Amino acid sequence: MRKWTIPSALLLLCLLFLLPDQGRKLHANAEGDSEELVDPPKVEEKIGAVPNGLSTDSDVAKREAESISKRSLRNTAEKFEFQAEVSRLMDIIINSLYSNKDIFLRELISNASDALDKIRFLALTDKEVLGEGDTAKLEIQIKLDKEKKILSIRDRGIGMTKEDLIKNLGTIAKSGTSAFVEKMQTSGDLNLIGQFGVGFYSVYLVADYVEVISKHNDDKQYVWESKADGAFAISEDTWNEPLGRGTEIRLHLRDEAGEYLEEVKLKDLVKKYSEFINFPISIWASKEVDVEVPADEDESTDDETTESSEEEKEDEETEKDEDEEAEKKPKTKKVKETTYEWELLNDVKAIWLRNPKEVTEEEYTKFYHSLAKDFGDEKPLSWSHFTAEGDVEFKAVLFVPPKAPHDLYESYYNSNKSNLKLYVRRVFISDEFDELLPKYLNFLMGLIDSDTLPLNVSREMLQQHSSLKTIKKKLIRKALDMIRKIAEEDPDESNDKQKKDVENSSDDEKRGQYTKFWNEFGKSIKLGIIEDATNRNRLAKLLRFESTKSDGKLTSLDQYISRMRQGQKDIFYITGTSKEQLEKSPFLERLKKKNYEVIFFTDPVDEYLMQYLMDYEDKKFQNVSKEGLKLEKDSKVKELKESFKDLTKWWKGVLASDNVDDVKISNRLDNTPCVVVTSKYGWSANMERIMQSQTLTDANKQAYMRGKRVLEINPRHPIIKELQERVVKDPEDDGLKQTAQLVYQTALMESGFVLSDPKDFASRIYRSVKSSLDISPDAAVEEEDEVEEAEAESETKDAEATSKDEEAKATKDDVDTEPSAVKDEL
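The rules behind the values
- Residues numbered from 1 in each chain as written.
- Predicted model: local features only at pLDDT ≥ 70, side-chain atom pairs only at ≥ 80, totals over all residues.
- Heavy atoms only, no water.
- pLDDT = per-residue confidence, 0-100.
- Helix = DSSP H or I, 4+ residues; strand = E, 2+ residues; numbered from the N terminus.
- Contact = heavy atoms within 4.5 Å.
- Pairing = 2+ DSSP bridges.
- Axes fitted to C-alpha atoms, helices over the stretch in contact; angles between N-to-C directions.
- Left-handed = near helix turned anticlockwise from the far one by under 90°.
- Nonpolar A, V, L, I, M, F, W, Y, C, P; charged D, E, K, R; others polar.
- Salt bridge = Lys/Arg side-chain N within 4 Å of Asp/Glu carboxyl O.
- Buried < 20%, exposed > 50% of the residue type's maximum accessible area, 1.4 Å probe, protein only.

## Comments concerning the confidence of the model for the protein chain
Per-residue confidence for the protein chain averages 77 on the pLDDT scale, and 71% of its residues sit at or above 70. Across the protein chain, the secondary-structure element scoring lowest on mean pLDDT is helix H3 (residues 43–46), at 36, and the one scoring highest is strand E17 (residues 598–601), at 96. Every residue in residues 1–7 scores below 50 in pLDDT, and together they form four contacts with partners more than four places removed in sequence or on other chains. Overall, residues 502–506 carries pLDDT values under 50, and its contacts beyond four positions in sequence, including any with other chains, amount to eight contacts.

## Some thoughts on the sheet that holds strand E12 (residues 420–424)
Taking strand neighbours across the sheet as the criterion, the five strands line up as E10-E11-E14-E12-E13 in an open arrangement whose pairing is mixed. With one partner strand each, in any of the chains shown, strand E10 (382–388) and strand E13 (427–430) form the two edges of the open sheet. Strand-to-strand, the axes of this sheet are offset by a mean angle of 20°, without reference to chain direction. Judged from the seven bridges that link them, E10 and strand E11 (residues 394–400) form a sheet pairing that is antiparallel. In the strand pairing of E11, Trp383 is matched with Phe399.

## Things to note about the packing of helix H16 (residues 467–488) against helix H18 (residues 513–531)
As a packed pair, H16 and H18 sit with axes 10 Å apart at the nearest point and diverge in direction by 145°. Seen along the crossing, H16 lies across H18 with a hand that is left-handed. Contacts from Ile483, Ile486 and Ala487 of H16 reach H18 at Gln513, Tyr514, Phe517 and Ile525. Here the contact of H16 with H18 is built from residues that sort into six nonpolar, one polar and no charged.

## Quick notes on the pattern of salt bridges
Taken as a whole, this structure holds 38 salt bridges when the rule is applied. Its salt-bridge partner being Glu248, residue Arg250 comes within 3.3 Å of it at the nearest N-O pair. One exposure class covers both Arg250 and Glu248, and it is buried. Among the salt bridges present, the one from Lys579 reaches Glu583, with a minimum N-O distance of 4.0 Å. Taken together, the positions of Lys579 and Glu583, both in helix H21 (residues 579–583) and four residues apart, correspond to about one turn of that helix.

So this is what it looks like as C-alpha cells:
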C-alpha cells in the first residue's frame, strides 16, 4: 500500500496554505497526462441545494462527466491494495458464486435496504439523524445514463464513513482468497449481506469501473473507486453533488452488459428479486406525453388553403365570431414529448408480514394473482398464512390454485419447476428449490420468507443448508392441513351426522370445492402416497373415489369404514379401465348380493398406489379380483370342495399347458360360471395390461411379476354341474376337453386378461357354433371354381388385345389424313 512520507505531507500542506484556491482546483486523472482547473463548491455549501440528487447545474454536470468518463482512479485519492490475488478473487466471484449476472441488482438493492433499516432503527431513539426534507425520505432510486453507460443505485440509508469504506469494501480481500474459499467449502454459511462483501463485488460481473459515493452523518462525503485490478482508492468528494446522507453506487457498465441500460430490463429484475423490499424502489423512467405548442404561421396558412369551398360559403357572422375566438386563443398543436419522472416499482405489499386476521379475502386474492401472474377472476381454492418459530423462523403463504397447469404431469419426474418462491428478508432468492416441497405438492403456489436463513449469493450452497429440511417438514404439514380444510368446509364432504351442522355454518361457495380440487389435483395426492411414506396416512385421508354405494359421488376412506358391515375386516376394491366396466364385473356379484361396498379404482396410477397403501386404520385392503377374499363363513364349502374334487383335478390337468396354478370352488360368484383370479402379491389383470402397453417394456423381465392364475368355478351354475357329470362318465372325452378350454378362455377374457392366442380362442368358438347348427366338425370350405377363373382371365386378355388394335388403327388414320389436310391448307 502506497504511503505518504512526512516531508512530502509537510510540503503539500505548505503549498495548499499558500495557494488555497489553486489547491482546490487541481484535478488529474490516473495517468497524470491532463490537468483541469475547476472551482467546485464544497460539500457543505451544497447540502440541500439540489432536490432528489438531480443535476440542474450545468457546471456540476460538466464536472461529473469529466470526472467519471475516464474510468480511472483519481490521482488525489488515497490508494489501497487488495490483499488477495485479483485474478483468483474475480474467478471465484464470477464463476463460482454467481451463475446469473442479473443477481448484481438484487445484491445492491439488498445492501441499500439494510442501510435504510439501520438509519430507521437509529431514528427510533433520535429523530434528528434522519435530517430534513428529501434527506429524511427512506427510499431507493435507480437512474440510467445510456450515453455514458452508467447505472446508478442510490439510497438514503446510514451511509459510510471513510473508515467504513476501507473496512467494509475490503471484506473479501482482508479475509484472504484462500480463507474465503475454505470457509465456503466447509460451512457454506456466508452471511455477508449488508456488509458490502461478496454481494457488493457482484457488480464486477457487469461493470469494469465502480464508484461508491457515501455520506455518513458523522463524516464528510467520500468516494470509493476501483477497477478490480488489485487496488482501490478513497478520496474526499468535492466535485459530485452532496448526498445529504446515504450511498450512491455508479456502475460503468461493460460493452457486453448493455442490456442493463434498458428500463424494461431493470423493471423486470426489480419485480422479480426485490418486489417486496420494505422501502420504495423508484426508477427515473422516460414517458411520452402529448404537449400543446404554438403552431407555426406557415402551417396555419396551409391549413386554411386546404379548407373546402363549402366551408368558405358559411355565414359571414359565424366566421367573424370564430375569428374573434381565434384571436383570443393562440393557435396550438399537439406533439409528442419525452419527459422523465420517478416511477415506483414495488407497489405490491408483503402481506405475509401482517397478521393473518388483518388481511382480507380480497387482499389474499389480489396477492395470489400477482404471485401466480394469473389475471383471471377465479379465486384460489384455499390458502394458508402462518409463521413458524423455533430453530428456523420463517413466514409463509401457500395457495391452492383453482386449476391445474396443462402440463402438470407430463414431465412430472423430469422437471424441477417449482411454484414456491424463497425469500430471505424480503429479497427473492430462487424458485428452483426442489427441497422445499416434494414433487407431489409442486402444484401449490406461494412463498417463504426467512430472517434466519443466510442470504447466500449461491443458490447451490443454500440448497444444501440444513435448515431447509426443517422448513420442508413444516411446509408439508401446513400444506396437507390446508387441503384437509377444503374438505372439512365442503358441505358435500360431510357425513350424515355432520351434514346439518356444516350446512348451517357454510355458504354455497364452499359446496363442491373439494370435488373440484380432487378433479384437478387428485393424481398428486396418489403420487404423494407412493412417494412420501412419512405422511402416507395423512394423505390417505385426502383420498377420494367412487364405489358401489357412493351413487356417483366421491367418497373417502373414513366414510367407507363408517358404512362397513359388522364383522367386515377388509376394505374391498377393484381396479379397471372405467367405472361402467367394473360395475358389470363378475367379481362383484356375490359382494353386491351380500351388501358389501367395493371401491372403484380406474386411474392407471391406482395400481401402483395400492402396492404402497397396504392398510388404513387397521383395515387391510383386499383386491376382489385376487386370491384371499374372505366373506362370512360358509358351512357347505367343505362339502362342495369334496363333491367337485374330480372336476377341479381333471380341469387343472386339461389346463396344464395354460399355466393355470389351480382350480378352486369360488365364494365370489353368483350368475357367472367361472372367473380367473391372480395370486395375492402378483399383478392383477389390469396391471398386466398396463405393463404390456408400456413402450419400453421387456416381457421376459416382467414374467416373474405376473400373478399365478387360478380358475375359480361356481358350483351352483348349470354349466359347471353338467361338466361335473360328464367328467365322471368319461374324463377322456376330447369334446369335453375342448369345451373346458373354451370356458376357461372365455372366463380369462371376462376377467380382464389379454388372450395370448386369440386365433385358438376364435377357432374354438367357430367349432362351438358348428355344433349348435348341427354342422359336421369336418365340413370343409368350398373351393373356388378354377374354370370360371380361367375364362375370366381369357376375357381380360381379349379385351386388352381389342383395345390395342383400335389404338393402332386410329393412329394409322391420323397419319393418312395428314398430307391431305396440309394440301387443303395450302
